[in-house]
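Structural description and commentary
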Amino acid sequence: MAYVPPAKKDQLEEAVAAPKIHRIRITLTSRNVANLEKVCSDLVSRAKDKQLKVKGPVRIPTKVLRITTRKTPCGEGSKWDRYELRIHKRVIDLHSPSEIVKQITSISIEPGVEVEVTIQQ
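In short, a report on the structure.

Cut-offs applied
Residues numbered from 1 in each chain as written. Predicted model: local features only at pLDDT ≥ 70, side-chain atom pairs only at ≥ 80, totals over all residues. Heavy atoms only, no water. Helix = DSSP H or I, 4+ residues; strand = E, 2+ residues; numbered from the N terminus. Buried < 20%, exposed > 50% of the residue type's maximum accessible area, 1.4 Å probe, protein only. Contact = heavy atoms within 4.5 Å. Areas by Shrake-Rupley, 256 points an atom, 1.4 Å probe, with all protein chains shown as cover. Pairing = 2+ DSSP bridges. Axes fitted to C-alpha atoms, helices over the stretch in contact; angles between N-to-C directions. Core = buried A, V, L, I, M, F, W, Y, C linked by side-chain atoms within 4.5 Å. Salt bridge = Lys/Arg side-chain N within 4 Å of Asp/Glu carboxyl O.

1. Let's talk about the overall build of the protein chain
Of the regular secondary structure elements, the protein chain holds 3 helices and 4 strands. Counting all 121 residues of the protein chain, 22% fall into the buried class. Taking all contacts inside the protein chain whose residues are at least 6 apart in sequence as the whole, residues at least 24 apart take part in 74%. Counting every atom, the protein chain has about 9000 Å² of accessible surface; 53% of that belongs to carbon and sulfur.

Structure follows, in structure tokens:
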């Protein structure tokens, strides 16, 4: 076994005692912008209360799904219906231990908002 000087032992103990900091990415998707923005602001405010590094919310371009169909069932005429579905997306990056993220994400999430949490090393 190698000799470790006392000063280095203190540094090793501090490194072991400190919780590991992860990079956490929270991805939020919704069809309703108001609900999405409310959840984003709640998450960011709770993270800033805990003095965490927060980047975001980053607004990802809206995905627009379009479908064009004929109005008439027989196929005669030139009347068309156009439907579209807009999907809005936000990304929030945090630098924190994973235990704190569980506390932050325990907020009440608005209906129609999907949350995906990814932990990177």
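2. Examining the sheet that holds strand S3 (residues 80–96)
Hydrogen bonds along the backbone pair up the strands of a sheet, which may run parallel or antiparallel. Across the sheet, 4 strands lie side by side as S2-S3-S1-S4; this open sheet has antiparallel pairing. Here the strands that pair on one side only, and so sit at the sheet edges, are strand S2 (53–70) and strand S4 (113–120). Across the sheet, the mean angle separating the axes of adjacent strands is 15 degrees when strand polarity is ignored. For S2 and S3, the ladder comprises 14 bridges, and the chain directions are antiparallel. Along S3, the bridge assignment pairs Arg59 with Arg90. Against the sheet, helix H2 (residues 33–49) touches strand S1 (22–30), S2, S3 and S4, its axis set at about 0 degrees to S3.

3. Quick look at the side chain of Ser96
Its place among the elements puts Ser96 in strand S3. Judged by relative accessible area, which is 0%, Ser96 ranks as buried. The residues contacting Ser96, other than those within four sequence positions of it, are Lys20, Ile21, His22, Ile24, Leu52 and Val101.

4. A few points about the environment of Lys38
One can find Lys38 in helix H2. Of the residues examined, Lys38 reaches a relative accessible area of 40% and is grouped as partly exposed. A sequence separation of 72 residues divides Lys38 from Glu110, and the C-alpha atoms of the two residues are 8.0 Å apart.

5. Here we look at the nonpolar core
The tendency in soluble globular proteins is for nonpolar side chains to be buried as a group. Counting residues in each nonpolar core, the largest one holds 16 residues, and the members touching the most others are Ile26, Leu28, Val39, Leu43, Ile92 and Leu94. Looking at this core, the elements that each hand over two or more residues are S1, H2, S3 and helix H3 (98–104). Examining the composition of this core, we find that 6 residues originate from one element, H2, more than from any other.

6. Side note on the pattern of salt bridges
The final tally for this structure, using the stated rule, is 8 salt bridges. As a salt-bridge pair, Glu84 and Arg66 come within 3.4 Å of each other at their nearest N and O atoms. Linking Glu84 in strand S3 with Arg66 in strand S2, this pair joins segments that are 18 residues apart in sequence. Glu84 serves as the salt-bridge partner of Arg86, at 2.9 Å between the closest nitrogen and oxygen. Note on Arg86: relative accessible area 39%, which makes it partly exposed. You can call Glu84 partly exposed: its relative accessible area is 42%. Through salt bridges with shared partners, a single network forms among Glu37, Arg59 and Arg90.

Distances and angles like these do not, on their own, reveal function.
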